[in-house]
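Inside the fold
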Amino acid sequence: DSLNERLSKFVHNDLAPRNVMLPRGSFDDAVLIDLGLAAHAERSISSLLDELDLKLRGVYQAPEVREGARSTPRGDMYSLGLMVLEVQLGSLPETTEMVTDEVKRLMFGTQDKMSQKVGRVLSGLLQLRSDQRPETWRLVTDQFSEVLDE
């Protein structure tokens, strides 16, 4: 198994800016921390939270997780998309509808080519339906690499 294949079998469950470290100031060296809620993708976050007697209500959670669905790697993709959008905008939109509007604005409402490219990647990460989001980290890193290489 490659590292990417092994990672695709786990869900962080609390992906947020406070849990991403850039030790050398580069995204190439990004490290995920606070793995206390990480679980195998087959394990439900609700069963994990029941065991911990804890309620997770993170602003970076995917919509389906906020509604009580099982957490999956694609939920972490949504969280990543929110973090990138926050970096791009300087703040996080307050509602799911505002997230969608901001992604459209990046893709179509700006002349900045880099913003348009980032908007295209974000449109995949921030899909409301989890089955429409990228399935693996490799797909996402490849998309961002293409944005940076162009």
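With that out of the way, let us pick up helix α5 (residues 96–108). Given a rise of 1.5 Å per residue, 13 residues ought to cover 18 Å, and the 19 Å separating the end C-alpha atoms of α5 matches this to within 8%. When we look at burial in α5, the residues that qualify are Thr96, Val99, Val103, Leu106 and Met107. Looking down the long axis of α5, one finds its buried residues gathered within 95° of arc, a one-sided arrangement. Of the residues in α5, the exposed ones pointing more than 90 degrees away from the buried face are Glu97 and Phe108. The inward-facing, buried residues of α5 abut α3 (63–66), α4 (73–89) and α6 (113–125).

Under the definition given, this model contains 5 salt bridges. The salt bridge involving arginine 74 is made with glutamate 135; its shortest N-O contact spans 3.4 Å. One end of the pair, arginine 74, is in helix α4; the other, glutamate 135, is in the loop between α6 and α7 (137–149), with 61 residues separating them in the sequence. Notably, a salt bridge pairs glutamate 102 with arginine 105, separated by 2.9 Å at the nearest N-O pair. Here glutamate 102 and its partner arginine 105 are both found in helix α5, 3 residues apart, which amounts to about one turn of the helix.

Below, the discussion takes up the confidence of the model for the protein chain. Chain-level statistics for the protein chain give a pLDDT mean of 76 and a share of 67% at 70 or above. α6 holds the highest mean pLDDT among the elements of the protein chain, 91, whereas helix α2 (residues 45–52) holds the lowest, 48. Taken as a whole, residues 49–56 scores under 50 in pLDDT and shows 10 contacts with residues more than four places along the chain or in a different chain.

Along the polypeptide, threonine 110 turns up in the loop between α5 and α6. Residue classification places threonine 110 among the buried residues on the basis of a relative accessible area of 18%. Not counting residues up to four positions away in its chain, the partners in contact with threonine 110 are Arg105, Ser115 and Gln116.

This brings us to the side chain of glutamine 116. Following the sequence through the fold, glutamine 116 ends up in helix α6. On the basis of relative accessibility, which here comes to 15%, the residue glutamine 116 falls in the buried class. Apart from residues no more than four positions distant in its own chain, glutamine 116 is found in contact with Leu106, Met107, Thr110 and Gln111.

Between α6 and α7, the shortest axis-to-axis distance is 9 Å and the interhelical angle comes to 170°. Overall, the two elements α6 and α7 adopt an arrangement that is roughly antiparallel. On the side of α6, the interface is formed by Met114, Lys117, Val118, Val121 and Leu125, while α7 contributes Val140, Gln143, Phe144, Val147 and Leu148. When grouped by side-chain class, the residues that make up the contact of α6 with α7 number 8 nonpolar, 1 polar and 1 charged.

Turning our eyes to something else, we now look at the nonpolar core. By size, the foremost hydrophobic cluster in this structure holds 24 residues, and its most contacted members are Leu82, Leu85, Leu122, Leu125 and Leu126. At the level of secondary structure, the elements contributing two or more residues to this core comprise α4, α5, α6 and α7. Counting residues per element, this core draws most heavily on α4, at 6 residues. Sequence-distant contacts of leucine 125, that is, excluding residues within four places in its chain, are made with Met77, Tyr78, Leu80, Gly81, Arg133, Pro134, Val140 and Phe144.

Turning our attention to the packing of α5 against α6. At a minimum axis separation of 7 Å, α5 and α6 run at an interaxial angle of 140°. Classed by the angle they form, the pair α5 and α6 counts as oblique. Considering the relative orientation of α5 and α6, their crossing is left-handed. Of the residues in α6, those touching α5 at Val103, Leu106 and Met107 are Ser115, Gln116, Gly119, Arg120, Leu122 and Ser123. Considered class by class, the residues forming the contact of α5 with α6 number 4 nonpolar, 4 polar and 1 charged.

The rules we used
Residues numbered from 1 in each chain as written. Predicted model: local features only at pLDDT ≥ 70, side-chain atom pairs only at ≥ 80, totals over all residues. Heavy atoms only, no water. Helix = DSSP H or I, 4+ residues; strand = E, 2+ residues; numbered from the N terminus. Expected span 1.5 Å × (residues − 1). Buried < 20%, exposed > 50% of the residue type's maximum accessible area, 1.4 Å probe, protein only. Arc of directions from axis to C-beta. Contact = heavy atoms within 4.5 Å. Salt bridge = Lys/Arg side-chain N within 4 Å of Asp/Glu carboxyl O. pLDDT = per-residue confidence, 0-100. Axes fitted to C-alpha atoms, helices over the stretch in contact; angles between N-to-C directions. Parallel < 35°, antiparallel > 145°, perpendicular 65-115°, else oblique. Nonpolar A, V, L, I, M, F, W, Y, C, P; charged D, E, K, R; others polar. Core = buried A, V, L, I, M, F, W, Y, C linked by side-chain atoms within 4.5 Å. Left-handed = near helix turned anticlockwise from the far one by under 90°.

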